[in-house]
Amino acid sequence: MDVKIITVSREFGCRGTEVAEKLAKELKFLLINKSYINDLMLKNGLEEDQLESLEESSPRPFNETRKRYIELMNKLILELAEASPIVLLGRGGQYLFKNHPSAFHIKIIGSIEERVRAVMTQYKLDRVGALKLITEQDRRRDLYINRVFGGDWNDLSLYSLTINMDYFDVTGSVKMITRSIKLANRDNSAFSDVQTLETPKDATGSIPHFAHSSEEEFAKLLDFYRIRWLYESKTFILGCDSEGNITSAFTPDFYLPDYDLYIELTTQKQRLVNYKNRKIRRLRELYPDINIKMIYGRDYKNILRKFGLI
Amino acid sequence: MRERLLIPREDILRRIEELGDKISRDYMDKEPVLVCILKGAAYFTVDLTRHLKIPFILDFMSMSKYSGSDSGVVRITKDLDIDIYERDTILIEDIVDTGLTLGYLLRNLRTRGPISIKVCTLLDCPVRRIVDIPVDYKGFEIPDVYVVGYGLDYRERYRNLLDIMVLEE
């Protein structure tokens, strides 16, 4: 397991925000918290008064506008996670990245007594006021998960690790999290070496059956650079007979959805290369908008050489 | 392996001076962050900065290199020391070929909220491109050959050559 996404879900008044901040700093992961999301959304066209709609604790109703803003935010968070390791604070990260192979989900909890004490100090409230605030904040976060993801915030099976802050301070929690991730890395890689490390998976998480070893090697190279790919995802019809039966078709080896690019590897004999060249010429004539690149045997050799593999 | 001269040192230095002038004009009244991608771009970056007539901040980045099946995913092994949030940023590479490394770097740096990111490379090898990456400043366009020298290596050798050479079998 190669952890690139850490989500931190927290009960109100448990210092979960501090844990996420310290964790991101120590691991040098990008921290996606309220201020980061606000900046991001302002750059993506939202106005200042619309930002509150994005927060789990917002009292605003879940109308279509709010749902649309949240969908946009979620899309941008998913894109950020493609580009960089992240620590995501709240925002339903445990659902947004549920079953993601590189995600590690943390839940921070505490006893109601300790949380009341912390909130009384932080917000200068009496006991009744603190209890009321905690109850309301937890209720809204619960509602957010339910309305956005149809999920249950209190489902403990969502989390890789749950920490009770009655027993740990922020520094201790961060140490425990980083240690747990290391243990998860070791145990998972030892347990499922073949599935997770040796065999590349496509953008849908499927393990394709590669026709040639060079294709599998190329898929690993794309995985290394975190480029999403699909293997033989589309067949283009190149010719039909008078009765409409397909007489010629071409299926490129790879499709890179983020670049809208098809790639064909040809590491075979020259005769086959000529055959493929003809097909690609025909493909370009019939589908001029398709972006396709051929990687020839010599190109592929140069790529391997560049990485010192030959 | 034998070496063949591709770009002599005089041409390299003259072209770098031109690039320095152009960047200085384009970034007049600005103070860009120059991000040198280690190790290959170190020589180029140093010489380029000597021809800049604008203030700038120099920083370095380094990434893990693909080394075969068990490489996992790319990792930043040396991150920037400064924050590029709301800064003009110029990424300096020795060579842009497949675009895979640069594509990852651009995706990563864009998440940090810079005003702009441009790419400056000494060598551009477009025929080897897999993913399209915009190159804003380029020294030389080269054919599909394996080059060493002036920072570029083959298994850590040849970096200190003053000229750019083609390495042939």
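Refer to the structure printed above.
Rules and cut-offs
Residues numbered from 1 in each chain as written. Chains lettered and ligands numbered in written order. Predicted model: local features only at pLDDT ≥ 70, side-chain atom pairs only at ≥ 80, totals over all residues. Heavy atoms only, no water. Helix = DSSP H or I, 4+ residues; strand = E, 2+ residues; numbered from the N terminus. Buried < 20%, exposed > 50% of the residue type's maximum accessible area, 1.4 Å probe, protein only. Contact = heavy atoms within 4.5 Å. Areas by Shrake-Rupley, 256 points an atom, 1.4 Å probe, with all protein chains shown as cover. Axes fitted to C-alpha atoms, helices over the stretch in contact; angles between N-to-C directions. Parallel < 35°, antiparallel > 145°, perpendicular 65-115°, else oblique. Nonpolar A, V, L, I, M, F, W, Y, C, P; charged D, E, K, R; others polar. Phe/Tyr/Trp six-rings, centres within 6.5 Å; stacked < 30°, edge-to-face > 60°. Pairing = 2+ DSSP bridges. Expected span 1.5 Å × (residues − 1).

Here we come to the overall build of chain B. Across its full length, chain B holds three helices and nine strands. Its helices and strands in sequence order give chain B the pattern β-α-β-α-β-β-β-α-β-β-β-β, from N to C terminus. In chain B, buried positions account for 56% of the 169 residues. Sequence-distant contacts in chain B: of pairs separated by 6 or more residues, those separated by 24 or more amount to 66%. Approximately 7,500 Å² of chain B is accessible, and the part contributed by carbon and sulfur atoms is 49%.

Looking now at the packing of helix α2 (residues 34-43) of chain A against helix α3 (residues 64-83) of chain A. Residues and elements named next belong to chain A. Closest axis-to-axis distance for the α2/α3 pair is 11 Å, and the angle between their directions is 105 degrees. With respect to α3, the element α2 is oriented roughly perpendicular. Contacts from Y36, I37, L40 and M41 in α2 reach Y69, L72, M73, L76, I77 and L80 in α3. Here the residues of the contact of α2 with α3 sort into 10 nonpolar, no polar and no charged.

This next bit is on the environment of K132(A). All names here are of chain A. With respect to the helices and strands, K132 occurs in helix α6 (residues 127-149). According to the relative accessible area criterion, K132 is exposed, its value standing at 64%. As for K132 and V116, which are separated by 16 residues in sequence, their C-alpha atoms are 9.4 Å apart.

For the rest of this paragraph, the subject is the packing of aromatic side chains. Within this structure, the stated rule accounts for 15 aromatic pairs over all chains. Ring geometry for F210(A) against W229(A): centres 5.9 Å apart, planes inclined by 45 degrees, an arrangement best described as tilted. Residue F210(A) is found in the loop between α8 (193-198) and α9 (213-224), and its partner W229(A) is found in the loop between α9 and β6 (230-231); the two are separated by 19 residues along the sequence. As far as the burial class goes, F210(A) and W229(A) line up, both buried. Where F224(A) meets Y66(B), the ring centres are 5.3 Å apart and the plane angle is 65 degrees; that geometry is what we call edge-to-face. Taken together, the positions of F224(A) in helix α9 and Y66(B) in the loop between β3 (57-63) and β4 (76-78) put the pair across two chains. Under the relative-accessibility criterion, F224(A) is labelled buried at 1%. Judged by relative accessible area, Y66(B) falls into the buried class, the value being 2%. Here a set of aromatic residues connected by ring pairs shows up, and it is made of F210(A), F218(A), W229(A), Y231(A) and F254(A).

On to the sheet that holds strand β6 (residues 116-124) of chain B. Residue and element names in this part refer to chain B. Across the sheet, six strands lie side by side as β4-β3-β2-β5-β6-β7; this open sheet has mixed pairing. Whereas interior strands pair on both sides, the edge strands pair on one side only; in this sheet they are β4 and β7 (137-141). For this sheet the average axis-to-axis angle between neighbouring strands, irrespective of direction, equals 30 degrees. Looking at chain direction, strand β5 (residues 88-96) and β6 are connected through eight bridges and run parallel. Bridge pairing in β6 links L91 to V119. Along the sheet, helix α1 (residues 9-26) makes contact with β5, β6 and β7, crossing β7 at roughly 160 degrees.

With that settled, consider α3(A). In this model α3(A) runs 29 Å from its N-terminal to its C-terminal C-alpha over 20 residues, within 8% of the 28 Å that 1.5 Å per residue would give. Within α3(A), burial applies to R66(A), Y69(A), I70(A), M73(A), N74(A), L76(A), I77(A), L80(A), A81(A) and A83(A).

In sheet architecture, strand pairing relies on hydrogen bonds along the backbone and comes in two forms, parallel and antiparallel. Residue and element names in this part refer to chain A. Spatially, β2-β3-β1-β4-β5 is the arrangement adopted by the five strands of the open sheet, whose pairing is parallel. Edge positions in the sheet fall to β2 (30-32) and β5 (161-164), since each of these pairs with one other strand and no more. Each strand of the sheet is rotated relative to its neighbour by a mean of 20 degrees, with strand direction disregarded. Pairing of strand β4 (residues 103-109) with β5 involves four bridges; the strand directions are parallel. Looking across to β5, one finds that I108 is bridged to I163.

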